[in-house]
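An overview of the molecular structure
Spelled out, the chains give:
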Amino acid sequence: MTTAFIFPGQGSQAVGMGKSLADNFSVAKSVFDEVDAALSQKLSTVMWDGPSEELTLTANAQPALMAVSLAVVRVLEAEAGLDLKRDAAFVAGHSLGEYSALAAAGTFSISDAARLLRIRGDAMQKAVPAGQGAMAALLGAELDLAREIAVAAAQGEVCEAANDNGGGQVVLSGAKAAIERAIALAGERGVKRAMLLPVSAPFHCALMQPAADAMRDALAQVSMRAPVVPVVANVGAAPLSDPDAIRASLVAQVTGTVRWRECVQAMAAAGVGDFVEAGSGKVLAGLVKRIVAGVTPVSIGTAEDIAAYKGRNA
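Residues numbered from 1 in each chain as written. Predicted model: local features only at pLDDT ≥ 70, side-chain atom pairs only at ≥ 80, totals over all residues. Heavy atoms only, no water.

Tallying secondary structure elements over the chain gives 15 helices and 10 strands in all. Rg of the C-alpha trace for the chain: 19 Å, near the compact-globule value of 20 Å for 314 residues, within the 12% margin. Its C-alpha atoms put the chain at 55 × 45 × 35 Å along the principal axes. Counting across all 314 residues of the chain, residues that qualify as buried make up 55%. Counted over contacts in the chain with a minimum sequence separation of 6, partners at least 24 positions apart contribute 75%. For the chain, the accessible surface area stands at approximately 12100 Å², while carbon and sulfur atoms represent 51% of it. The distance from the centre of the 26 positive side-chain charges to the centre of the 31 negative ones in the chain is 2 Å. (Helix = DSSP H or I, 4+ residues; strand = E, 2+ residues; numbered from the N terminus. Rg over C-alpha atoms; globule rule 2.2 N^0.38 Å. Buried < 20%, exposed > 50% of the residue type's maximum accessible area, 1.4 Å probe, protein only. Contact = heavy atoms within 4.5 Å. Areas by Shrake-Rupley, 256 points an atom, 1.4 Å probe, with all protein chains shown as cover. Lys, Arg positive; Asp, Glu negative; His and termini not counted. Charge placed at Lys NZ, Arg CZ, Asp CG, Glu CD.)

Here it is, written out as structure tokens:
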């Protein structure tokens, strides 16, 4: 069975994440120390002690989630003999998780990934004034219907499909009034449920262009190597290995749709039957189960999860 390692995005953060890894494994503690040093901030203290409101800030949540994911990978390498080049066919991540995937596969250093995600989080937060943008989840809608609703709701404003998460879950992003119109239209078009999301900015739509420009500048300054295994990129839903193509894809990702359903389908079509979610929470494992029939994804985010994984693979 071919394996892919997948890495969660914003929304998977929780106070306390990564603490059991740091307490039990020195290699995990080293990851958190490296991120703290790269950011000149005790981000690990925010992760473990809160408050939740501070951890949820985009500029904190993004590097924090990457830190937990990379801590998991380092512990698996030390404790379970993981070698991504040997053991995985692909890596992939949801939105910011793509940076985690690339760091795990050696494209970025952990320090560079942390600094890039801090820049990304700040830029995304600043791109749209507070209260002017919004995001909404449509549950029970496939991508084509969601796009039809977005076009009808736009009325000259931005309203776009931000995430195609699979299992009939599509997220729209754009101007607040347009998103509110989309929610009303969704009910008329037979969507089971449509609801505003508690986010601080309208991610993955054209309103994020200032953040895309900031990331183009930031990524141009960072050394990037070819990943040891291909990354299945959000915007193309296809594997990439060339650093220049990866750089361009990461810039496009800021304003583009996260095609997660198609990413998972592409990996499954290439023979992946074993999906391992490395990091906080179990969001991606749940999505994978809805996208690909007959798979049982594994989520690894705690010391207990590491022990269970070692037991299964002994």
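So much for the structure itself; the text now carries on.
Here the focus is the packing of helix 5 (residues 58-80) against helix 15 (residues 303-312). For any two helices packed against each other, one specifies the inter-axial angle together with the distance between the axes. Here helix 5 crosses helix 15 at 40°, and the two axes come no closer than 11 Å. Relative to helix 15, the element helix 5 lies oblique. Note on packing geometry: the crossing formed by helix 5 with helix 15 is right-handed. Where helix 5 abuts helix 15, its residues Val 72, Val 75, Leu 76, Glu 79 and Ala 80 lie against Ile 306, Tyr 309 and Lys 310. Here the contact of helix 5 with helix 15 is composed, by residue class, of 6 nonpolar, no polar and 2 charged. (Axes fitted to C-alpha atoms, helices over the stretch in contact; angles between N-to-C directions. Parallel < 35°, antiparallel > 145°, perpendicular 65-115°, else oblique. Left-handed = near helix turned anticlockwise from the far one by under 90°. Nonpolar A, V, L, I, M, F, W, Y, C, P; charged D, E, K, R; others polar.)

Within this structure, the stated rule accounts for 12 salt bridges. Residues Lys 19 and Asp 23 are paired through a salt bridge, measuring 2.9 Å at the closest nitrogen-oxygen approach. Within this pair, Lys 19 and its partner Asp 23 are both found in helix 1 (residues 19-24), separated by 4 residues, close to a single helical turn. Judged by relative accessible area, Asp 23 falls into the exposed class, the value being 52%. Here Asp 36 ties to Lys 42 by a salt bridge, and the two come within 3.8 Å at their closest N and O atoms. You can call Asp 36 buried: its relative accessible area is 7%. (Salt bridge = Lys/Arg side-chain N within 4 Å of Asp/Glu carboxyl O.)

Let us now look at the nonpolar core. Phe 5, Phe 32, Met 47, Val 91, Phe 108, Met 208 and Leu 219 are the most contacted members of the largest nonpolar core, which totals 76 residues. In terms of residue count, helix 5 provides more of this core than any other element does, 11 residues in total. In contact with Phe 108, other than residues within four places in its own chain, are Tyr 99, Leu 102, Ala 103, Ala 113, Leu 116, Leu 219, Val 222, Ser 223, Met 224, Arg 225 and Leu 250. (Core = buried A, V, L, I, M, F, W, Y, C linked by side-chain atoms within 4.5 Å.)

Let us now look at the sheet that holds strand 4 (residues 159-166). Remark on secondary structure: sheet strands pair via backbone hydrogen bonds, oriented parallel or antiparallel. Spatial ordering of the open sheet is given by 4-5-3-6, a layout of 4 strands whose pairing is antiparallel. The sheet is open, and its two borders are formed by strand 4 and strand 6 (193-196), each paired with just one other strand. Taken over all neighbouring pairs, the strand axes of this sheet differ in orientation by 20° on average, direction set aside. Bridge count between strand 4 and strand 5 (residues 169-175): 6 bridges; the pairing is antiparallel. Paired with Ala 161 across the strands is Leu 172, a residue of strand 5. Relative to strand 5, helix 10 (residues 176-188) is tilted by about 145°, and along the sheet it contacts strand 3 (133-139), strand 4, strand 5 and strand 6. (Pairing = 2+ DSSP bridges.)

Our focus in this paragraph is unusual backbone geometry. Glycine aside, residues mostly have negative phi, and peptide bonds are mostly found in the trans state. Here Gly 50 and Pro 51 are connected by a cis peptide whose omega angle stands at 5°. Locating Pro 51 in the fold gives a position in the loop between helix 3 (43-49) and helix 4 (52-56). You will see that Ser 95, though not glycine, has its phi angle at about 60°, which is positive. With respect to the helices and strands, the residue Ser 95 is situated in the loop between strand 2 (90-93) and helix 7 (97-104). With a phi close to 50°, Ala 237 is a non-glycine residue in the positive phi region. Here Ala 237 is to be found in the loop between strand 7 (231-232) and strand 8 (239-240).

Remember, this is a structural readout, not a statement about activity or role.
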